[in-house]
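What follows is the residue order along each chain.
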Amino acid sequence: MQESEFISKWFVFKAYGHKNVRATHKTTIEITKDDYLTINGDCIIGIKSNVSVNDFPNWLKEEIKKGYMVIVIFCSKEICDSLIGYGDNNLILNNENKMIFRKSSYIEPATVLIKSNKAAADLDRKLIEYLKKGEELT
């Protein structure tokens, strides 16, 4: 791929906020299929997700494993925020319950992207307030 080439492909998922969304974690963002959230889950911004990293289509997993820069957009109600992270050929991409976006380079089955420019604590607080009310996250 040439430096000026830009690939535009979309994959949309849906999850929901919860009254215990804190979004204070300084290194990760997590979205889970679980239908509950304790106050200890300070990286979790969405529950009841309709997908985990294992459910990603093959084309998306292949693109992520090529190490491309990926933009992820989180929206709820009238506000969106985004992060930029990177894929890696060592990513496993097969956790059946969650997806995690990391500032670090740590890799385990739920890791979707590494070297992200944002963690839960960095997300727009207005977005987090909507999620605390249980609003939909797309």
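Shown above is the structure to which this text applies.
All values derive from a computational prediction rather than experimental measurement.

Engineer: Which residues make up the state of the cysteines, and what values go with them?
Structural biologist: Applying the stated criterion across every chain, the model contains one disulfide. Here Cys75 is linked by a disulfide to Cys80, with a sulfur-sulfur distance of 2.0 Å. On the sign convention where negative is left-handed, the bridge of Cys75 and Cys80, at about 110° about the S-S bond, is right-handed. The class for Cys80 is partly exposed, based on a relative accessible area of 44%.

Engineer: Before we move on, could you go through the pattern of salt bridges and cite the residues and values that matter?
Structural biologist: Taken as a whole and judged by the stated rule, the model has nine salt bridges. For Lys66, the salt bridge identified is with Glu63, shortest N-O distance 3.6 Å. The class for Lys66 is exposed, based on a relative accessible area of 52%. Residue Glu129 pairs with Lys132 through a salt bridge whose shortest N-O separation is 3.7 Å. Separated by three residues within a single helix, Glu129 and Lys132 lie in helix α2 (residues 125-132), roughly one turn from each other. By relative accessible area, Glu129 is classed as partly exposed at 40%.

Reading the values: rules and limits
- Residues numbered from 1 in each chain as written.
- Predicted model: local features only at pLDDT ≥ 70, side-chain atom pairs only at ≥ 80, totals over all residues.
- Heavy atoms only, no water.
- Disulfide = S-S within 2.5 Å.
- Buried < 20%, exposed > 50% of the residue type's maximum accessible area, 1.4 Å probe, protein only.
- Salt bridge = Lys/Arg side-chain N within 4 Å of Asp/Glu carboxyl O.
- Helix = DSSP H or I, 4+ residues; strand = E, 2+ residues; numbered from the N terminus.

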